[in-house]
Amino acid sequence: EDQVTQSPEALRLQEGESSSLNCSYTVSGLRGLFWYRQDPGKGPEFLFTLYSAGEEKEKERLKATLTKKESFLHITAPKPEDSATYLCAVVSGNTGKLIFGQGTTLQVKP
Amino acid sequence: DAGVIQSPRHEVTEMGQEVTLRCKPISGHNSLFWYRQTMMRGLELLIYFNNNVPIDDSGMPEDRFSAKMPNASFSTLKIQPSEPRDSAVYFCASSFLPSGSSSYNEQFFGPGTRLTVL
């Protein structure tokens, strides 16, 4: 069964304390992995798309990486404005379906 | 630029009533998605349209749910009759999918409609 698991569920960091969020997936024939950011009361906002193992993408303090079984969202020297829920989604090559993980809620304290 | 527009932003209704949620996608986008988000189940894809045609509605929970896209600038999600377990935030998203591309691309989400069924 296709599945996406994000960890940890919640993460608290001090400003400047770098860390990583994990997205593990079990799908047949990955056709794409997406990272979104969601602020409270708003819709998700697109961050990155990754398609193949070894691929990396960066945007400001965020860097997304992909292996054959998981993706990491690395946050370097985070700021309070990086506080949000980060969602991972994968497209199954077997079913063609888009599946979201439960998300990681990040809180960055000044 | 106007993003995805959803209305209403909040809806409170009683069990058994019909509920209609509306969405205007970003101009020029050819794919439209309806999602439901709850604490228990997270974000779930209900249905998506490509060029106004429903492509995958396997996420629609029951026959009480129906979605239409009469033209490229408007879509509705209807629940009839509504039940308390339908309470959730419903998001609409749109994207542009080039011809021959894979089924999903960067999506732009609307602000959501918070539905409460009493």
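Above: the structure in question.
If you're wondering where the values come from, they're calculated on a predicted model, not measured in any experiment.

Engineer: Looking at this structure, I do not really get the pattern of salt bridges. What am I missing?
Structural biologist: Oppositely charged side chains may form a pair once their charged atoms are brought near each other. Enumeration according to the criterion identifies 13 salt bridges over all chains in this entry. Two residues, A:Glu56 and A:Lys63, come together in a salt bridge whose shortest N-O distance is 3.3 Å. Residue A:Lys63 is classed as partly exposed on the basis of its relative accessible area, which comes to 27%. A salt bridge links B:Glu18 to B:Lys78, with the shortest nitrogen-to-oxygen separation between them at 3.8 Å. Of this pair, B:Glu18 sits in the loop between β2 (10-13) and β3 (19-24) while B:Lys78 sits in strand β8 (residues 74-79); the two residues are 60 residues apart in sequence, bridging distant segments of the chain.

Engineer: Explain the nonpolar core here, please?
Structural biologist: Considering soluble globular proteins, one finds that nonpolar side chains tend to be buried as a cluster. Counting 23 residues, the largest nonpolar core has A:Leu33, A:Trp35, A:Leu73 and A:Tyr86 as the members making the most contacts within it. With four residues, strand β9 (residues 84-92) of chain A is the largest single contributor of residues to this core. Apart from residues lying up to four places away in sequence, A:Tyr86 is in contact with A:Gln6, A:Leu21, A:Trp35, A:Tyr36, A:Arg37, A:Leu47, A:Leu62, A:Leu73, A:Gly103, A:Thr104 and A:Leu106. Listed in part, the 21 residues of the second largest apolar core include B:Ile26, B:Ile79, B:Tyr90 and B:Leu115.

Engineer: Looking at this model, I keep getting lost on the pairing of strand β4 (residues 31-38) of chain B. Mind explaining?
Structural biologist: The two faces of a sheet get side chains in turn, since along a regular strand they alternate between them. Residue and element names in this part refer to chain B. With seven of eight residues buried, β4 is to be regarded as a mostly interior element. Where β4 meets strand β5 (residues 42-50), eight bridges bridge the pair, whose relative direction is antiparallel. Its bridge partner lying in β5, Trp-34 is registered against Ile-47. Relative to strand β9 (residues 88-95), β4 is paired through seven bridges, and the arrangement is antiparallel. Along β9, the bridge assignment pairs Trp-34 with Cys-92.

Engineer: Before we go on, may I ask you to explain the sheet that holds strand β7 (residues 65-71) of chain B in this structure?
Structural biologist: Two pairing modes exist for strands in a sheet, parallel and antiparallel, and in both the strands are linked by backbone hydrogen bonds. All names here are of chain B. Strand order across the open sheet formed by four strands is β1-β3-β8-β7, with antiparallel pairing between neighbours. Looking at the sheet topology across the chains shown, the edges are occupied by β1 (5-7) and β7. Direction aside, the axes of adjacent strands within the sheet are offset by 15° on average. In the sheet, β7 pairs with β8 via five bridges, with the strands oriented antiparallel.

Engineer: It is not clear to me how the pairing of strand β4 (residues 30-38) of chain A should be interpreted in this structure. Could you clarify?
Structural biologist: Residues and elements named next belong to chain A. Counting buried positions along β4 yields seven of nine residues, so the element is predominantly enclosed. Pairing between β4 and β9: seven bridges, direction antiparallel. From the neighbouring strand, Leu-33 faces β9, where its bridge partner is Val-90. Inspection of the sheet shows β4 paired to strand β5 (residues 45-50) by five bridges, in the antiparallel sense. What sits directly across from Trp-35, in β5, is Phe-48.

Engineer: I would appreciate a short explanation of the layout of surface pockets in the present structure.
Structural biologist: Approximately 750 Å³ is the volume found for the largest pocket. Surrounding the largest pocket, 31 residues form its lining, A:Gln38, A:Thr85, B:Gln37, B:Thr38 and B:Met39 being those nearest its centre. Elements that contribute at least two residues to the lining of the largest pocket include exactly β9 and β11 (104-109) of chain A together with β4, β5, β9 and β11 (113-117) of chain B. Residue composition of the lining of the largest pocket, grouped by class: ten nonpolar, 16 polar and five charged. Of the voids in this model, the second largest pocket is the one considered here, and its volume is about 600 Å³. Looking at the second largest pocket, it is lined by 23 residues, and the ones nearest its centre are A:Leu98, A:Ile99, B:Leu43, B:Glu44 and B:Leu45. Of all the secondary-structure elements, those providing two or more residues to the lining of the second largest pocket are β1 (3-7) and β10 (98-100) of chain A together with β5 of chain B. Per-element accounting of the lining of the second largest pocket gives the leading share, five residues, to β5(B). A per-class count over the lining of the second largest pocket returns nine nonpolar, seven polar and seven charged.

Calculation notes
Residues numbered from 1 in each chain as written. Chains lettered and ligands numbered in written order. Predicted model: local features only at pLDDT ≥ 70, side-chain atom pairs only at ≥ 80, totals over all residues. Heavy atoms only, no water. Salt bridge = Lys/Arg side-chain N within 4 Å of Asp/Glu carboxyl O. Buried < 20%, exposed > 50% of the residue type's maximum accessible area, 1.4 Å probe, protein only. Helix = DSSP H or I, 4+ residues; strand = E, 2+ residues; numbered from the N terminus. Core = buried A, V, L, I, M, F, W, Y, C linked by side-chain atoms within 4.5 Å. Contact = heavy atoms within 4.5 Å. Pairing = 2+ DSSP bridges. Axes fitted to C-alpha atoms, helices over the stretch in contact; angles between N-to-C directions. 1 Å grid on protein atoms, 1.4 Å probe; cavity = no way out; pocket = protein on both sides within 12 Å on 5 of 7 lines; lining within 4 Å. Points joined across faces, edges and corners; volume = space filled by probe spheres on them. Nonpolar A, V, L, I, M, F, W, Y, C, P; charged D, E, K, R; others polar.

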